[in-house]
Amino acid sequence: MHDFPLARSIDLAPAGTELATIHRESTQPAKTSTTRSLATGFEAGQPQPTWTDTVDTVDAKAGGDYGVTGLCCGLLGPQADLRTGEQAHTGDVSLMYSGYANGGSYDHAYLQVYGFNGSPLTIRGDTKLSYWIYPQSDATTPWVAAGSDDGTCVAIDLIFTDGSNVRDSGATDQSGTDLHPAKQCGHLELDEWNHVTVNLGTAEAGHAISIGYDRPGATGGYRGYIDDVSID
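A short tour of the structure in this document, coming up. (Residues numbered from 1 in each chain as written. Predicted model: local features only at pLDDT ≥ 70, side-chain atom pairs only at ≥ 80, totals over all residues. Heavy atoms only, no water.)

**Description of the packing of aromatic side chains**
For the record, the criterion: For this analysis, a ring pair means two rings from Phe, Tyr or Trp (six-membered ring only for Trp) whose centres lie within 6.5 Å, classed as stacked if their planes differ by under 30 degrees, edge-to-face if by over 60, and tilted for the remaining angles. Secondary structure counts use DSSP, requiring at least four H or I residues in a row for a helix and at least two E residues in a row for a strand, with both numbered from the N terminus. Here's how the labels work: a residue is buried when its accessible area is under 20% of the maximum for its type, exposed when over 50%, partly exposed in between, all with a 1.4 Å probe on protein chains only. Think of it as a cone above the ring: NZ of Lys or CZ of Arg counts as a charge over the ring if it is within 6 Å of the ring centre and within 35 degrees of the ring normal.
What the rule picks out here adds up to 5 aromatic pairs. On the basis of an interplanar angle of 65° and a centroid distance of 6.4 Å, the ring pair of Tyr134 and Tyr225 is categorised as edge-to-face. Taken as a pair, Tyr134 in strand E10 (residues 128–135) and Tyr225 in strand E14 (residues 219–231) lie far apart in primary sequence, 91 residues in all. In terms of burial, Tyr134 and Tyr225 fall into one category: buried. An aromatic cluster of three or more residues is present, and its members are Tyr97, Tyr213 and Tyr222. Between Arg167 and the ring centre of Tyr110, over which it is positioned, the NZ or CZ distance is 4.3 Å.

In structure tokens:
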């Protein structure tokens, strides 16, 4: 079975190891210094985010932030942080995401969530990504305009040690929709928990997974929750 490069970080929507090193390491058995899988519902005792409300401007293919500011209330920028007792798929905790798009030509925001620098996550040919996402409309939050589905323009993205990412790889979810957050727009049900699964083995070697908001030209707030994330 062919092993894929090591994943360095998981971002909410977004370096480099030499290609020869990636190929050499990917053919070796898993070591104790690597992570074989990730499973978290963000509850106590489960893997917790490495960062909170942190735009990824470090990884070459992370995406950063363009044209997205705080949703409301004096917030300085887009958010990705844990919330208890608000909306969860299981348990009491989930990861809340939010921001406000200002109508720019490239409106997007990719926030860091998990880092694996000390123990890279090995992506194999049979590795699958699974998560639940709850994009909000004005029916469940006052900070989203009536008729807006901007909260659906969000997806998980992984950044690999070679700097590549999944969102640009052409990887698709269980319904055949491109995993790029801009391509997820309108394909998720608002105010419901949507299950998204992706076979990472269909992506080319060297690609990565992350979570970000991406909708060029959008104006207005977006908000939602993510829960029960697994990569195995």
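Okay, back to it.
**Some thoughts on the state of the cysteines**
Note the following rule: Here, the term disulfide refers to a pair of cysteine sulfur atoms separated by no more than 2.5 Å.
For the coordinates displayed, the defined rule picks out 2 disulfides. Residue pairing for Cys72: its cysteine sulfur links by disulfide to Cys73, the two sulfurs lying 2.4 Å apart. When the S-S torsion is -80°, as for the bridge of Cys72 with Cys73, the disulfide is left-handed. By relative accessible area, which is 16% here, Cys72 ends up buried. Assessed through its relative accessible area of 62%, Cys73 is described here as exposed.

Everything listed here is a matter of coordinates, which is why it stays silent on function.
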